[in-house]
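Take a look at the letters that make up each chain.
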Amino acid sequence: MSYRIKSLIKYALGTDVAGRSLTVRPDDTFLVSYPRSGNTWTRFLIANLLYPKEPVSFANIERLIPDCEALSSRYLKSLPSPRCIKSHEYFDHRYRKVLYIVRDPRDVALSYHSFQRKYRQIADDYPISQYVSDFVNGRLNSADWGTWAENVGSWLVREGQASFLLLRYEDMMADPAAELAKIAPFFHVEPSADLLAVAVERSSAVRMRELERKESSQWVATKNRRQDIPFVGTASSGGWKSRLPAESVAEIESAWGPLMQRLGYQLTTVAQEPVHHLVK
Amino acid sequence: MMNRLKAAAKRTFGLHRPGRDLLILPDDRFLVSYPKSGNTWTRLLIANLLSPDKPADFETINRLVPDPFADTKRQFARMPRPRVIKSHLVFDPRYPRVIYMVRDPRDVVISEYHYQRKTRRIEDHYPLDEYVVRFIQGETYPENGSWGEHVAGWLVAREGNPRFHLVRYESLLADTAGELAGIAEFLGITPTPERLSEVVRLSSADRMRTLEQQQSNTSSLMKGSRKDVPFVRAAKSGGWRSELPESLVEKIETAWGPLMRHLGYELFFSQTPQGISPSDFPFGKIVLGKTSQ
């Protein structure tokens, strides 16, 4: 009951978390992904590109690129337009301009496992194979955003439109400057090689780890959380090959094979099928 | 601030309409469609299935198959379970079981055009070509996205999933009892053939028109809208062939040709819309059937 009263008071004051009830503006740009898909890194890349004179850090990232699932309706309303907003929402037709990051679900599952340990949502010894099964079947907290495939698939209905940019985490790892150059036009920024290089350098995993050590108490996502497991994860791709049990790989691939393939993720346990493109 | 306080007071007593904040229960079943796709007809069919003792009408329909945007949170909380809930929302992964109605967008746009006249959203002589352009952009129902986003969103995420039951409005028209039997099975109801035909009769377009005449001042479905434009309109398919100019048919087919073809809607312009070849058609291939149980 007290939870109910608290949430009613929050609602009356506008201090409830915005989430899906965010009032969207036509000139907002959304940075969307499933959780643990490189969203925070991309937030840093974009913020460093847009604000080269301001040292971007965990202490100010919520002001520069706010998280609509962590901040209140009132706070988001107070920000000037045009806003760039971070979100994990499944398809929301009100979002006009969308940068969508996708990451190999086999890596996402691993990263999410460690994240949920950090948040004390699962025990340290929660078996990974059970975890992957929960992940595939939508039994984790992340199911609020749909399963990985529902979240990704629902956004792909926008593919091919000029106001939608699909980014692969793996491509960003391979050449962050090139991918950031594709993002720049959404913010009317001329992506000079120097500007890109500086933004990439300032958003490196090494630097983000250093910032996390210094500022974890100042960021809404890491404040009051376990310090022995970092938020900034391995910052790598393909970790699943050595760390994910074969049966878990098979479970993910048999559930989402066609979509994974369509996104360029090679299957290892089920037969490849010819790839079909959503829009040429 | 005042508005928020007022809304909070309503919330305290559960008198607000929950909309998409509805608390979804694991045994809820949803009847989902883009607007003007036969949702109310199917809703009445289901309402009659659920109410064997008393025929459903445009007032009791809200109790039998409620709408989160028309009924209060308190009403939802008091409903017997499992509930069947009406919705026009775009893809929502929280919906556990979904009956999804789809209708040829060339007919949807005409039905919508007249409905928006009825609800005074547009004037009588609003240019149809302008309307079609706005329809394609998803601007005629900003709360529901475009027809293509709505349909593709649900299909990409759920087609082939045993918890998802796709119904074409056109198939429901052609074989109402047959399609209704499929819907009943999905809902876990097993009516006799006699009961099925009874339900079909009680939900016919003629009976709906009679109910509309009797209840247009009391039912939340039509209260306050123009009386000279009917809510229950043609109740048929293919009207676009005579009512929609070819240039507008072409616009719709260019926007959503592959998706329409996937749903079995034959294109008038056999020429494939630019840039897309039929074999590229994606949505059926990306069956995510096993994503969740």
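Residue positions are counted from 1 within each chain, in the order its sequence is given. Just so you know, chain letters begin at A and ligand numbers begin at 1, following the order they were written in. Confidence filtering applies because this is a predicted model: local features only for residues at pLDDT of at least 70, side-chain atom pairs given and counted only at 80 or more, and all residues used for totals across whole chains, interfaces and linings.

Peer 1: Which parts of the structure should I look at to understand the overall build of chain A?
Peer 2: For chain A, the count of helices and strands is 13 helices and four strands. C-alpha atoms define the radius of gyration in this analysis, and the globule rule sets the expected value at 2.2 Å times the number of residues to the power 0.38. In summary, chain A has a C-alpha radius of gyration of 19 Å against a globular reference of 19 Å for 280 residues, a match within 12%. With respect to the three principal axes, the spread of C-alpha positions in chain A is 55 × 50 × 35 Å. Here chain A, with 280 residues, has 42% of them falling under the buried criterion. Strands are runs of DSSP state E lasting at least two residues, helices are runs of H or I lasting at least four, and both sets are numbered from the N terminus onward. Put simply, a residue is buried when 20 or more other C-beta atoms lie within 10 Å of its own C-beta and exposed when 12 or fewer do; between those, it is partly exposed, and each C-beta is set from the backbone.

Peer 1: Before we go on, may I ask you to explain the sheet that holds strand E4 (residues 164-168) of chain A in this structure?
Peer 2: Strand pairing in a sheet relies on backbone hydrogen bonds, with the paired strands running either antiparallel or parallel. All names here are of chain A. In this description, strands pair whenever DSSP reports at least two bridges between them. Spatial ordering of the open sheet is given by E2-E1-E3-E4, a layout of four strands whose pairing is parallel. The open sheet terminates on both sides in strands that have one partner only, identified here as strand E2 (84-87) and E4. Each adjacent strand pair in this sheet contributes to an overall mean axis angle of 20°, direction not counted. Sheet topology note: the strand E1 (residues 29-33)/strand E3 (residues 97-102) ladder contains five bridges and is parallel. By the bridge assignment for E3, Thr29 is matched with Lys97. Lines are fitted to the C-alpha atoms to define the axes, a helix being fitted only along its stretch in contact, and any angle between axes, read from their N-to-C directions, falls within 0 to 180 degrees.

Peer 1: Please clarify how the sheet that holds strand E3 (residues 97-102) of chain B should be interpreted in this entry.
Peer 2: Residues and elements named next belong to chain B. Pairing within the open sheet is parallel, and its four strands lie in the order E2-E1-E3-E4. Whereas interior strands pair on both sides, the edge strands pair on one side only; in this sheet they are strand E2 (84-87) and strand E4 (164-168). Averaged over neighbouring strand pairs, the angle between their axes works out to 20° when direction is ignored. Summarising the sheet, strand E1 (residues 29-33) and E2 pair through four bridges and their orientation is parallel. The residue of E2 that forms the bridge with Val32 is Ser87. A pair of residues counts as a contact when their C-beta atoms, built from backbone coordinates, are within 7 Å of each other. Its contacts with the sheet place helix H9 (residues 176-187) against E1, E2, E3 and E4, and it is angled at close to 165° to E4.

Peer 1: Honestly, helix H7 (residues 148-155) of chain A in this entry has me stumped. Any pointers?
Peer 2: Each α-helix winds once per 3.6 residues, and so residues spaced three or four apart point in a common direction. Counted residue by residue, H7 of chain A has eight buried out of eight residues, so it is predominantly covered. Listed in full, the buried residues belonging to H7 of chain A are Trp148, Ala149, Glu150, Asn151, Val152, Gly153, Ser154 and Trp155 of chain A. Looking at the buried residues of H7 of chain A, the elements they touch are E1, E3, helix H5 (105-118) and helix H13 (246-262) of chain A together with helix H7 (147-158) of chain B.

Peer 1: Sorry if this is basic, but what is going on with the confidence of the model for chain B here?
Peer 2: Any residue range with low pLDDT should be treated as having predicted coordinates unsuitable for detailed reading. Residue and element names in this part refer to chain B. pLDDT is defined as a per-residue confidence score from the predictor, taking values between 0 and 100. Averaged over every residue, the pLDDT of chain B is 87; residues scoring 70 or more account for 92%. Looking over chain B, one finds the lowest element-wise mean pLDDT in helix H1 (residues 2-12), namely 78, and the highest in E1, namely 98. Here residues 274-293 scores under 50 on pLDDT; set against residues more than four positions off or in separate chains, the count is 54 contacts. Model confidence for the complex: the whole-complex pTM is 0.84, and ipTM, which rates the interface, is 0.77.

Peer 1: Could you clarify how one ought to interpret the environment of Ile85 of chain A in this entry?
Peer 2: All names here are of chain A. Structurally, Ile85 is set in strand E2. The exposure class assigned to Ile85 is buried, which follows from the 22 C-beta atoms found within 10 Å. As for Ile85 and Leu64, which are separated by 21 residues in sequence, their C-alpha atoms are 8.7 Å apart. Excluding its chain neighbours within four sequence positions, the residues that come into contact with Ile85 are Asp28, Phe30, Pro66 and Cys68.

Peer 1: Looking at this structure, I do not really get unusual backbone geometry. What am I missing?
Peer 2: Leaving glycine out, the prevailing phi sign among residues is negative, and the prevailing peptide bond configuration is trans. All names here are of chain A. Following Ser81, the chain continues to Pro82 via a peptide bond in cis, the omega torsion being -10°. Note that Pro82 resides in the loop between helix H4 (73-78) and E2. A positive phi angle, near 60°, is found at Arg36, a position not held by glycine. By secondary structure assignment, the location of Arg36 is in the loop between E1 and helix H2 (39-50).

Peer 1: Honestly, the packing of helix H6 (residues 128-136) of chain A against H13 of chain A in this entry has me stumped. Any pointers?
Peer 2: Axes are the key here: two packed helices are described by the angle between their axes and the distance separating the axes. Residues and elements named next belong to chain A. Closest axis-to-axis distance for the H6/H13 pair is 9 Å, and the angle between their directions is 10°. With respect to H13, the axis of H6 lies roughly parallel. Each of Ile128, Ser129, Val132, Ser133 and Val136 in H6 lies in contact with H13, whose residues at this interface are Glu247, Ser248, Glu251, Ile252 and Ala255. Orientation categories follow fixed angle ranges, with anything under 35 degrees roughly parallel, anything over 145 roughly antiparallel, 65 to 115 roughly perpendicular, and all other angles oblique.

Peer 1: Sorry, what's going on with the pairing of E1 of chain B here?
Peer 2: Side chains on a regular strand alternate between the two faces of the sheet. Residues and elements named next belong to chain B. Burial analysis of E1 places five of its five residues in the buried class, which makes it a mostly covered element. Burial of E1 is two-sided: the residues Arg29, Leu31 and Ser33 facing one way and the residues Phe30 and Val32 facing the other way are all buried. Pairing of E1 with E3 involves five bridges; the strand directions are parallel. Along E3, the bridge assignment pairs Phe30 with Val98.

Peer 1: Would you mind showing me how to read the confidence of the model for chain A here?
Peer 2: Mean pLDDT for chain A: 89, with 94% of residues reaching 70 or above. A low-confidence stretch, residues 276-280 of chain A (pLDDT under 50), is modelled with 16 contacts involving residues beyond four sequence positions or located in other chains.

Peer 1: Honestly, the packing of H7 of chain B against helix H13 (residues 246-262) of chain B in this entry has me stumped. Any pointers?
Peer 2: Residue and element names in this part refer to chain B. Between H7 and H13, the shortest axis-to-axis distance is 10 Å and the interhelical angle comes to 25°. Overall, the two elements H7 and H13 adopt an arrangement that is roughly parallel. Our pair here, H7 against H13, has a crossing hand that is left-handed. Facing H7, whose interface residues are Gly148, Val151 and Ala152, H13 presents Ala255, Trp256 and Leu259. A crossing counts as left-handed when the near helix is turned anticlockwise from the far one by less than a right angle, and as right-handed when that turn is clockwise.

Peer 1: Even after reading the chapter, I still don't get the environment of Tyr95 of chain A, so can you show me in this structure?
Peer 2: Residue and element names in this part refer to chain A. In this structure, Tyr95 sits in the loop between E2 and E3. Its 21 C-beta neighbours within 10 Å are what place Tyr95 among the buried residues. C-alpha separation for the pair Tyr95 and Leu259, spaced 164 residues apart in sequence, amounts to 23 Å.

Peer 1: Would you explain the environment of Asp92 of chain B in this entry?
Peer 2: One can find Asp92 of chain B in the loop between E2 and E3. When the C-alpha positions of Asp92 of chain B and Met222 of chain B are compared, they lie 27 Å apart, and in sequence the two are 130 residues distant.

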